[in-house]
Amino acid sequence: MMKYCALLRPHANSRYQAETLKLARAELTALLEKGECRADVRCEKRAGCDWLSFEAEALTADQRTLAALGAHLYLLFQEAEDGAMVPLLGQKEAYLESDLPLVLKYKGKTNETFTSFMMNLALCASNYGAGEMLTVLDPMCGRGTTAFIALNRGWNALAFDQDAAAVEEAEKYFKKYLEYHRVKHTFIEKSMTANGKQAAKLRSFQFAKTPELFKAGDTRALTMGALPAANLGQIYKKPCCQLIVSDLPYGVQHAPGGGRKAPSLEDMLYEALPVWVDLLHTGGAMALSFNVNTLKPEMVRGMMAEVGLDVVDGAAYEGLEHWVEQAITRDVAVAVRRF
Ligand SMILES: C[S@@+](CC[C@H](N)C(=O)[O-])C[C@H]1O[C@@H](n2cnc3c(N)ncnc32)[C@H](O)[C@@H]1O
């Protein structure tokens, strides 16, 4: 058996940092399990830093690839018998640049590490592999954090929000980003109609990491639009993604209609979930985060089960409730479309 230690990325807020240790542990457990490595991952403090440690047979190439997706991971070491730490890997290299989801700052942005963590839980719960060409949908994308993280994994992204200004800002930011980094791309706008009326204007980017890949047609795509989440079925008539990852409105500052509290969050989810399920390919999975002060965890999981999803449980998917800020305690529910 080998001993492994993962040094975790620090977070500026120490209370949040303490809270996210359990998320980091769950994430590494899920990623190792996905690679068929069952390990007892433990949290440790060494030299004043937070670490995760586990013992396992020598990690295979596939298991290392999965571990490198870890959102909380800074560096993974192998610990030699004399206690020396041998660096094994850091985070997987970004398809574009690692700062893509970081540069745009705004109130209400979902933490990038947390978003990437949710994407990992959805991936691990799904029947799909990290090396497959996946499409990730965020039906409540704000200014696109989920989409940018998916693109940096070399996947495609679909990003929608009812807030047209937020979608437009994300689109402008991405366009500038591609231009600034001289990434070869095309951009098209297309009006989609439903029942004879315009349902949404779709904005699509097609791009590739290098001009050679672009020329060879080895491209990635980001499609965005302003649309209420329950209306996505108007433009997608069949499954269009393998993963759905979304940070739902907290009912505090992002309430539909801009109110302070959102009594309608439950109704909104009740209306949207059946639509989202139809957009997931069989074997695909959904990870939704929400404020437990405005949406009850058992109700969210119950609604997921009601629309035919298999809600995932087990060590990596339970006990994920964590403090974010005053009035926001967040939880994550993960479910798979089996049929
Ligand atoms: C917590 S924020 C998501 C932030 C996003 N992850 C980001 O980092 O920019 C929730 C988002 O849900 C959107 N939203 C609320 N109700 C919606 C609905 N019915 N349909 C679509 N989007 C909705 C809000 O406009 C807001 O952008």
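What you are looking at is a predicted structure, and each value in this text was computed from that prediction instead of being measured.

## With respect to the overall build of the protein chain
Point 1. Across its full length, the protein chain carries eight helices and 15 strands.
Point 2. Computed over its C-alpha atoms, the radius of gyration of the protein chain comes to 20 Å, within 12% of the 20 Å expected for a compact globule of 339 residues.
Point 3. Referenced to the eigenvectors of the C-alpha coordinate spread, the extents of the protein chain come out at roughly 70 × 50 × 40 Å.
Point 4. A total of 339 residues make up the protein chain; the buried ones form 54% of that total.
Point 5. A separation of at least 24 residues holds for 69% of the contacts in the protein chain among residues at least 6 apart in sequence.
Point 6. In the protein chain, 38 side chains carry a positive charge and 41 a negative one; their mean positions are 6 Å apart.

## Thoughts on the packing of helix α1 (residues 14–34) against helix α3 (residues 112–125)
Point 1. Relative to each other, α1 and α3 sit at 30 degrees, their axes nearing to 9 Å. Considering the angle they form, α1 stands roughly parallel to α3. Between α1 and α3 lies a crossing of left-handed hand. For the pair α1 and α3, contact is made by Tyr16, Leu23, Glu27, Ala30, Leu31 and Lys34 and by Phe114, Ser116, Phe117, Asn120, Leu121, Leu123 and Cys124, respectively.
Point 2. Among the residues making up the contact of α1 with α3, the classes are represented as nine nonpolar, two polar and two charged.

## Remarks on the layout of surface pockets
Point 1. Its boundaries defined by the atoms lining it, the second largest pocket holds a volume of some 480 Å³.
Point 2. Gln91, Lys92, Ser98, Pro101 and Ser116 are the residues nearest the centre of the second largest pocket, which is lined by 18 residues in total.
Point 3. For the lining of the second largest pocket, the secondary-structure elements that each account for two or more residues are α3 and α4 (145–152).
Point 4. Of the residues that constitute the lining of the second largest pocket, the class distribution is seven nonpolar, six polar and five charged.
Point 5. Both domain 1 (2–89) and domain 2 (112–336) contribute no fewer than three residues apiece to the lining of the second largest pocket.

## Notes on the site of the ligand
Point 1. In the vicinity of the ligand lie 23 residues, with Tyr106, Thr110, Thr145, Asp161 and Ala229 positioned nearest.
Point 2. Measuring from an oxygen atom of the ligand, one finds a backbone N or O atom of Arg143 at 2.9 Å.
Point 3. In the environment of the ligand, an oxygen atom lies 2.7 Å from a nitrogen or oxygen atom belonging to the side chain of Asp161.
Point 4. In isolation the ligand exposes 600 Å². Once the protein is present, 93% of that is buried.
Point 5. In terms of residue class, the shell around the ligand is made up of 11 nonpolar, seven polar and five charged.

## What about the packing of α3 against α4?
Point 1. Between α3 and α4, the shortest axis-to-axis distance is 10 Å and the interhelical angle comes to 65 degrees. The chirality of how α3 crosses α4 is right-handed. Every residue of α4 that contacts α3 at Glu112, Thr115, Ser116 and Met119 is listed here: Thr145, Thr146, Ile149 and Ala150.
Point 2. When its residues are assigned to classes, the contact of α3 with α4 shows three nonpolar, four polar and one charged.

## Some details on the domain arrangement of the protein chain
In many analyses, interface size is given as the accessible surface area lost on bringing the parts together.
Point 1. In terms of domains, the protein chain is made up of domain 1 (2–89) and domain 2 (112–336).
Point 2. Computed over C-alpha atoms only, the centres of domain 1 and domain 2 are separated by 27 Å.
Point 3. Taken together, the contact pairs 17 residues of domain 1 with 22 residues of domain 2.
Point 4. Together domain 1 and domain 2 conceal approximately 1,700 Å² of surface at their shared face, both sides included; 69% is due to carbon and sulfur atoms.

## Describing the nonpolar core
Point 1. Among the nonpolar cores identified, the biggest contains 59 residues, and Phe117, Phe174, Phe207, Leu222, Tyr317 and Val332 are the most heavily contacted of them.
Point 2. Top contributing element to this core by residue count: α3, with nine residues.
Point 3. Of the residues that make up this core, three or more belong to each of domain 1 (2–89) and domain 2 (112–336).
Point 4. Ignoring sequence-local partners within four residues, the contact set of Leu222 consists of Ala147, Phe148, Leu151, Ala157, Ala159, Phe174, Arg203, Ser204, Phe205 and Phe207.

Rules of the game
- Residues numbered from 1 in each chain as written.
- Predicted model: local features only at pLDDT ≥ 70, side-chain atom pairs only at ≥ 80, totals over all residues.
- Heavy atoms only, no water.
- Helix = DSSP H or I, 4+ residues; strand = E, 2+ residues; numbered from the N terminus.
- Rg over C-alpha atoms; globule rule 2.2 N^0.38 Å.
- Buried < 20%, exposed > 50% of the residue type's maximum accessible area, 1.4 Å probe, protein only.
- Contact = heavy atoms within 4.5 Å.
- Lys, Arg positive; Asp, Glu negative; His and termini not counted.
- Charge placed at Lys NZ, Arg CZ, Asp CG, Glu CD.
- Axes fitted to C-alpha atoms, helices over the stretch in contact; angles between N-to-C directions.
- Parallel < 35°, antiparallel > 145°, perpendicular 65-115°, else oblique.
- Left-handed = near helix turned anticlockwise from the far one by under 90°.
- Nonpolar A, V, L, I, M, F, W, Y, C, P; charged D, E, K, R; others polar.
- 1 Å grid on protein atoms, 1.4 Å probe; cavity = no way out; pocket = protein on both sides within 12 Å on 5 of 7 lines; lining within 4 Å.
- Points joined across faces, edges and corners; volume = space filled by probe spheres on them.
- Domains from an automatic or database assignment.
- Near = heavy atom within 4 Å.
- Polar contact = N/O pair within 3.5 Å; in protein donor to acceptor, adjacent residues only side chain to side chain.
- Areas by Shrake-Rupley, 256 points an atom, 1.4 Å probe, with all protein chains shown as cover.
- Buried area = accessible area lost by both parts, 1.4 Å probe.
- Core = buried A, V, L, I, M, F, W, Y, C linked by side-chain atoms within 4.5 Å.

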